[in-house]
Every structure is written in structure tokens, then in C-alpha cells.
Amino acid sequence: MAEFEPVLLRRIAKPNSASLETYRADGGYRALEKALTTMTPEDVAKDVKDSNLRGRGGAGFPCGVKWSFLPKNHPGPIYLCINADESEPGTFNNRILMELDPHQVLEGIILACYATKASVAYVYTRVEYGDAIRIFQKAIDEAYAAGLLGRNIMGKDFHLDCYMHRGAGRTFAARRLA
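(A) Molecular detail of the side chain of Glu99. In this fold, Glu99 is placed in helix α5 (residues 94-100). With residues near it in sequence (within four places) discarded, Glu99 still touches Ala18, Asp131, Ala132 and Ile135.

(B) Region of the structure containing the sheet that holds strand β3 (residues 161-166). Here three strands make up an open sheet; going across it, the order is β1-β2-β3 and the pairing parallel. Two strands lie at the open edges of the sheet, namely β1 (79-84) and β3, each paired on one side alone. Neighbour-to-neighbour, the strand axes of this sheet turn through a mean angle of 20°, independent of strand direction. Alignment of β1 against strand β2 (residues 120-125), held across six bridges, turns out to be parallel. Paired with Tyr79 across the bridge in β2 is Val120. Relative to β1, helix α6 (residues 102-116) is tilted by about 150°, and along the sheet it contacts β1, β2 and β3. In this fold helix α7 (residues 130-145) packs onto β2 and β3, with an angle of close to 170° to the strand it touches most, β3.

(C) Expanded view of the packing of helix α2 (residues 30-38) against α6. Close contact between α2 and α6 brings their axes to 9 Å; oriented N to C, the two are set at 15°. With respect to each other, α2 and α6 are oriented roughly parallel. The chirality of how α2 crosses α6 is left-handed. Two secondary-structure elements touch here, α2 through Arg30, Ala31, Leu32, Ala35 and Leu36 and α6 through Glu107, Ile110, Leu111 and Tyr114. When grouped by side-chain class, the residues that make up the contact of α2 with α6 number seven nonpolar, no polar and two charged.

Basis of the calculations
- Residues numbered from 1 in each chain as written.
- Predicted model: local features only at pLDDT ≥ 70, side-chain atom pairs only at ≥ 80, totals over all residues.
- Heavy atoms only, no water.
- Helix = DSSP H or I, 4+ residues; strand = E, 2+ residues; numbered from the N terminus.
- Contact = heavy atoms within 4.5 Å.
- Pairing = 2+ DSSP bridges.
- Axes fitted to C-alpha atoms, helices over the stretch in contact; angles between N-to-C directions.
- Parallel < 35°, antiparallel > 145°, perpendicular 65-115°, else oblique.
- Left-handed = near helix turned anticlockwise from the far one by under 90°.
- Nonpolar A, V, L, I, M, F, W, Y, C, P; charged D, E, K, R; others polar.

Rendered as C-alpha cells:
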């Protein structure tokens with residue numbers, strides 16, 4: 001079997017991998033700090049587009065291309081909606097990251113909001129993912145307490161609020177309608 005180095009899941013086996021302290025010890029939020037101190041939102045969007053970073057859903061659409069569809073100089077507000085519902089076959093990756101490396105996901109959300117000038121992010125997930133919801137909400141709370149969410153993130157003129165939203169429960173709703 002070929003050797004490979006895990007990238008996205010490299011931290012999930014670490015003790016206390018979901019905590020802000022552990023994430024920061026591994027270099028977490030350094031990309032955000034670099035973006036906020038040395039880059040404009042347009043620079044970040046260009047880097048993402050140039051990297052050909054793709055979404056993790058079924059279509060794998062390039063993120064930077066998607067961001068370029070936003071109207072220029074939109075007066076706002078701009079919202080980022082994160083679909084962590086995982087209703088497509090083959091896309092079961094969000095729950096693992098939300099439970100075992102939530103700050104990696106959250107840093108990506110914050111960077112995406114900075115690049116797109118969004119001021120509010122909504123993370124939608126299925127109600128059946130109780131552990132993921134609880135752990136990710138704790139990560140959001142830690143980020144607020146550390147000044148990584150809210151007003152003047154890292155002392156910069158960048159403001160972002162992030163909210164979890166639970167779905168109604170597809171399986172339960174489908175049974176009720178049957």
C-alpha cells in the first residue's frame with residue numbers, strides 16, 4: 001500500500017484534539033492571523049482561487065470560483081451558510097471534523113468570511129449529530145472567548161458572528177409524513 005501523509009484528518013487522533021489550546025499548539029489560527037495582518041480579503045480570495053481548493057460536497061466545486069460570483073461592493077450584510085448536513089452519498093466527512101478537529105473547520109469558516117466580507121456564518125447540520133453539535137458549539141464558544149469571533153477579531157476591523165443551526169431531523173420528518 002502506498003504511503004501518504006494525512007492532511008485534513010492529521011490531527012484527529014491527538015489527545016484533546018477538539019480544544020482550542022491543542023489546535024493552537026499545532027499552529028492553528030496562524031493562517032487567520034496572517035490573513036488579517038498581511039492580506040486583504042481580495043488577496044485571500046485570490047489565493048484560494050489560485051489554489052483550486054474544492055468544496056467537500058458531492059460536486060467538488062472550486063471555492064474561489066464560487067466566491068467570485070458574489071457581487072462586487074455589495075452593501076451587505078453578507079452571510080455564509082455552511083451545509084454540514086451530509087445528505088449526499090460519499091460526503092460523510094463533516095461530522096468527523098466537527099467532533100475531532102472543530103477549530104480547523106472554524107478557522108476555515110472565519111477565513112472564508114473574511115475573504116467574502118461576510119459578517120455572519122450559519123453552520124447547518126442534522127439534528128442526529130448530537131456530539132458534533134455539542135463539540136462544535138463549544139469550539140465556537142472558545143473562539144468567542146479568545147477574540148477569534150465577535151467584534152474586532154484579533155484587534156482588526158473584522159467582525160463575525162457564528163451560529164449553529166440544527167435541522168429538523170429528516171428521518172423523523174419523513175416517518176411523520178408517511
